[in-house]
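Residue-level structure breakdown
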Amino acid sequence: MEPFVRTIAENGCETWRLANWEEKYPQLTAGFTSRKGGVSRDSFDSLNCGLHVNDNPADVVANRQLLARAIGASFDACTYAEQVHGKEIQVVAKAQAGAGNSSREKALQAKDGFVTNVPGIYLHALFADCVPLYFYDPVHKAVGLAHAGWKGTVLQIAKATLETMSAAYGTKPRDVYAAIGPSIQACCYEVDENVITRVDKTLRELGLSNQLAAQESVYHPVSEGKWMLSLQQLNRQIMIKAGIMPVHIEISTLCTSCQVEDFFSHRKEGGKTGRMAAWIGIRE
């Protein structure tokens, strides 16, 4: 069953909510934007949340404000970073609340993941095919959010997020619930030998190189020097190795490339497109 459920707010902002998480934990809000329900135009039509893609900045800020109202968040507490496809994780305290919501210069710099246990702070990351990773520790009331393209995935940003939550809040991986959000799926994500070499290295680090079934779920060849890669399954294996229980991991089947009418896709749209926002936060 698809864990992300389409929702249209009263202001027209369309999102995909982690409905079962929000139902089980009413204080939690988590989800992913669609490309619909905003004010941007042309190739950014219409809910572009990225300030770095040459859209009108005023339109992007307006879209982010629409999202904040749609999820019942204070815009002053919506927090963003400048993402660099790395694995650096920011512990977000009250002092960082609202960083980057209206300006790239004021965003958390060179970070691809965040964690917080402060109610009322809403973590946001931006996507247009890469994989959003969500984490919730119901014991210590802490959340995490990470941006995992292929580079962040093979750097094991999922593991780095868990390690940061453990160090900051005492989180135990076995208590954590995780979700892997809408992103480009193996049906559309063709990669070359350079990427697969890095993937194989990661599989060896996970102790999976001799487990053919596990490897086949991660990628399969389609032609000479080309493979179809599932970043979703690779991130799942990393989460399991890091200690998250398999039954605590949910994976979206929504493909940003297949469903370009609903999502921005960097690959499908030749790089000129907007960005969705993933978010997670604990309400005050």
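Above this text sits the structure in question.
Here is what the cut-offs are and how they apply
- Residues numbered from 1 in each chain as written.
- Predicted model: local features only at pLDDT ≥ 70, side-chain atom pairs only at ≥ 80, totals over all residues.
- Heavy atoms only, no water.
- Buried < 20%, exposed > 50% of the residue type's maximum accessible area, 1.4 Å probe, protein only.
- Helix = DSSP H or I, 4+ residues; strand = E, 2+ residues; numbered from the N terminus.
- Phe/Tyr/Trp six-rings, centres within 6.5 Å; stacked < 30°, edge-to-face > 60°.
- Salt bridge = Lys/Arg side-chain N within 4 Å of Asp/Glu carboxyl O.
- Contact = heavy atoms within 4.5 Å.
- Expected span 1.5 Å × (residues − 1).

Turning our attention to helix α7 (residues 231–241). Buried within α7 are the following residues: Leu 231, Gln 232, Leu 234, Asn 235, Gln 237, Ile 238 and Met 239. Of the residues trailing α7, Gly 243 is marked for its positive phi of about 115°.

Attention now moves to the packing of aromatic side chains. Evaluation of the coordinates by the stated rule reveals 6 aromatic pairs. For the pair Phe 32 and Phe 127, a centre-to-centre distance of 6.0 Å together with 55° between the ring planes defines the contact as tilted. Pair noted here: Phe 32 is in strand β3 (residues 28–33) and Phe 127 is in strand β7 (residues 122–127), with a separation of 95 residues, a long-range link. For the pair Phe 32 and Phe 127, one class covers both residues: buried. Members of the aromatic cluster, connected to one another through ring pairs, are Trp 16, Phe 32, Phe 127 and Phe 263.

Let's shift gears to the pattern of salt bridges. Inspection of every chain in the model, using the stated rule, returns 8 salt bridges. One salt bridge connects Glu 14 with Arg 6, and the closest N-O pair in it is separated by 2.8 Å. For Glu 14, a relative accessible area of 5% translates into the label buried.

Position of Leu 108 relative to the elements: it lies in the loop between β5 (89–91) and β6 (113–116). The exposure class assigned to Leu 108 is buried, which follows from its relative accessible area of 9%. In this structure the C-alpha to C-alpha distance between Leu 108 and Ala 179, which are 71 residues apart in sequence, comes to 23 Å. With sequence-adjacent residues up to four places away left out, Leu 108 is seen in contact with Thr 79, Tyr 80, Ala 81, Glu 82, Gln 90, Val 92, Gln 96, Ala 99 and Phe 114.

Our next topic: unusual backbone geometry. The residue after Asp 45, namely Ser 46, is reached through a cis peptide bond having omega -5°. Relative to the helices and strands, Ser 46 is located in the loop between β3 and α2 (57–70). Positive phi is not limited to glycine here, since His 85 has a value of about 60°. In this structure, His 85 sits in the loop between β4 (78–79) and β5.

To continue, consider helix α4 (residues 157–169). Because an α-helix completes one turn every 3.6 residues, residues spaced three or four positions apart along the sequence face the same direction. Between its first and last C-alpha atoms α4 spans 18 Å; for 13 residues at 1.5 Å apiece the expected length is 18 Å, and the two agree. Within α4, burial applies to Ile 157, Ala 158, Ala 160, Thr 161, Leu 162, Thr 164, Met 165 and Tyr 169. Contact partners of the buried residues in α4: β5, β6, β8 (131–137), β9 (142–148), α3 (150–154) and α7. The first or second residue beyond α4 is Gly 170, which carries a positive phi of 80°.

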